[in-house]
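Spelled out from the first residue to the last, the chains are:
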Amino acid sequence: FIIVLLFGVMAFAQSENYSIKNIDVNTEYSDFGVSYFGENSAIFASSKKVKGTRNKTWYLNKQPFLELYRGTVTENGELIDTELFSKKVNTKYHESNATFTKDLKTVYFSRDNYINNKTKKDDDGWILIQLFKAQVNEDGEWENIEMLPFNGDEFDTGHPTLNSKETKLYFTSNRPGSMGLTDIWAV
């Protein structure tokens, strides 16, 4: 009976069909890190060039810096009407990978170690990735942007995601105590 039940479960699990497609909003540059923002919007990171702006080029791969974008999710999974997510959250350096509280009033996101118009480099001269938090005001503008207290100037901390109860924030880091080059941590 158990063997028949296991085969039945496996057959049903494999009968679900999914398709993966390259959506139209993708570019020749880096596009990744999608997070839903309400029911019909998604936030994603992209280093696409934006008309009318002066994107600086990141010297390692000759791509513009990453910015966070917002788009409307269509019924067939496309992202349309994309625009920059926030002039206050986006800076002249990298921003990526955002996660939101269920009430959409708090965002956690990755950014280069840049705050108050100043960058901070590690001992080797690199600007590392750090985690930031911002809150939305009554006008829908993001404010109170602050670095999270468990960042460090000598290691990367990024790629945040909240658990379903919003009691833990998961992130990646190559901080001391990591078992691999980069591991998943939680606070």
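Structure shown above.
Residues numbered from 1 in each chain as written. Predicted model: local features only at pLDDT ≥ 70, side-chain atom pairs only at ≥ 80, totals over all residues. Heavy atoms only, no water.

Participant: Please clarify how the overall build of the chain should be interpreted in this entry.
Facilitator: Summing up its helical and strand segments, the chain has one helix and 15 strands in all. The buried share of the chain, reckoned over its 187 residues, is 36%. Long-range pairs, those at least 24 residues apart, make up 41% of the contacts in the chain with a sequence separation of at least 6. Summed over its atoms, the accessible surface of the chain is roughly 12500 Å², and 52% of this surface lies on carbon and sulfur atoms. (Helix = DSSP H or I, 4+ residues; strand = E, 2+ residues; numbered from the N terminus. Buried < 20%, exposed > 50% of the residue type's maximum accessible area, 1.4 Å probe, protein only. Contact = heavy atoms within 4.5 Å. Areas by Shrake-Rupley, 256 points an atom, 1.4 Å probe, with all protein chains shown as cover.)

Participant: Quick question: what am I supposed to make of the sheet that holds strand β15 (residues 183-186) here?
Facilitator: Where strands meet in a sheet, backbone hydrogen bonds hold them as pairs that are either parallel or antiparallel. Within the open sheet, the three strands sit side by side as β13-β14-β15. Their pairing is antiparallel. With one partner strand each, in any of the chains shown, β13 (157-162) and β15 form the two edges of the open sheet. Strand-to-strand twist in this sheet, taken as the mean axis angle between neighbours without regard to direction, amounts to 30°. The pairing of strand β14 (residues 169-173) with β15 spans four bridges and is antiparallel. Across the sheet, Tyr170 pairs through a bridge with Ala186, a residue of β15. (Pairing = 2+ DSSP bridges. Axes fitted to C-alpha atoms, helices over the stretch in contact; angles between N-to-C directions.)

Participant: Explain the side chain of Ser96 here, please?
Facilitator: Its place among the elements puts Ser96 in strand β7 (residues 95-100). What makes Ser96 buried here is its relative accessible area of 9%. Reaching out from Ser96, the side chain makes a polar contact with the side chain of Asn97 at a distance of 2.9 Å. Ignoring any residue separated from it by four or fewer positions in sequence, one finds Ser96 in contact with Phe32, Ala45, Leu66, Leu68, Phe109 and Ser110. (Polar contact = N/O pair within 3.5 Å; in protein donor to acceptor, adjacent residues only side chain to side chain.)

Participant: How do you make sense of the sheet that holds β7 when you look at a structure like this?
Facilitator: Strand order in the open sheet formed by four strands is β7-β8-β11-β12, with antiparallel pairing between adjacent strands. The open sheet has two free edges, formed respectively by β7 and β12 (142-147), since each of these has just one partner strand. Across the sheet, the axes of successive neighbouring strands diverge by a mean angle of 25°, strand direction being ignored. Across five bridges, the pairing between β7 and strand β8 (residues 106-112) is antiparallel. Paired with Glu95 across the strands is Arg111, a residue of β8.

Participant: What is the right way to look at a negative patch on the surface in this model?
Facilitator: A grouping of Glu138, Asp139, Glu141 and Glu143 is seen on the molecular surface, where their side chains present a negatively charged patch. Along the chain, the position of Glu143 falls in strand β12. (Patch = residues over 30% accessible without salt bridge, like charges linked within 9 Å, V, L, I, M, F, W, Y side chains within 5 Å. Salt bridge = Lys/Arg side-chain N within 4 Å of Asp/Glu carboxyl O. Lys, Arg positive; Asp, Glu negative; His and termini not counted. Charge placed at Lys NZ, Arg CZ, Asp CG, Glu CD.)

Participant: What should I look at first to understand the nonpolar core in this one?
Facilitator: It is characteristic of soluble globular proteins that their nonpolar side chains tend to be buried jointly. Ranked by size, the top nonpolar core spans 13 residues in total, and within it Leu68, Phe100, Phe109 and Trp142 carry the most contacts. Secondary-structure elements contributing two or more residues to this core are β2 (41-46), β7, β8 and β11 (129-136). In this view, Leu68 contacts Ile43, Phe44, Ala45, Leu84, Phe85, Val89, Asn90, Glu95, Ser96, Asn97, Ala98 and Phe109; residues no more than four positions away in its chain are not counted. Ranked by size, the runner-up nonpolar core spans seven residues in total, among them Tyr108, Leu148, Phe150 and Leu169. (Core = buried A, V, L, I, M, F, W, Y, C linked by side-chain atoms within 4.5 Å.)

Participant: Where do I start with the packing of aromatic side chains in this structure?
Facilitator: Describing an aromatic ring pair means giving the distance of the ring centres and the angle of the ring planes. Tallied over the entire structure, the rule returns 10 aromatic pairs. The interplanar angle of 55° and the centroid separation of 4.8 Å between the aromatic rings of Tyr93 and Tyr114 together place this pair among those described as tilted. Here Tyr93 is found in the loop between β6 (79-84) and β7, whereas its partner Tyr114 is found in strand β9 (residues 114-115), with 21 residues between them in sequence. In this structure, Tyr93 and Tyr114 share a single accessibility class: buried. Cluster of aromatic residues (ring-pair linked, three or more members): Phe37, Phe85, Phe100 and Trp142. (Phe/Tyr/Trp six-rings, centres within 6.5 Å; stacked < 30°, edge-to-face > 60°.)

Participant: Explanation requested: the pattern of salt bridges in the structure shown.
Facilitator: Between side chains of opposite charge, a pair can form as their charged atoms come close. Per the counting criterion, the structure on display carries three salt bridges. Close ionic contact of Glu78 with Lys21 constitutes a salt bridge, the shortest N to O distance being 3.1 Å. Placement of the pair is Glu78 in the loop between β5 (67-73) and β6 and Lys21 in the loop between α1 (2-15) and β1 (31-36), with a sequence separation of 57 residues. The partner of Lys120 in a salt bridge is Asp153, with the nearest N and O atoms 2.9 Å apart. Here the residue Lys120 occupies a position in the loop between β10 (118-119) and β11, and Asp153 occupies one in the loop between β12 and β13, the gap between them amounting to 33 residues.

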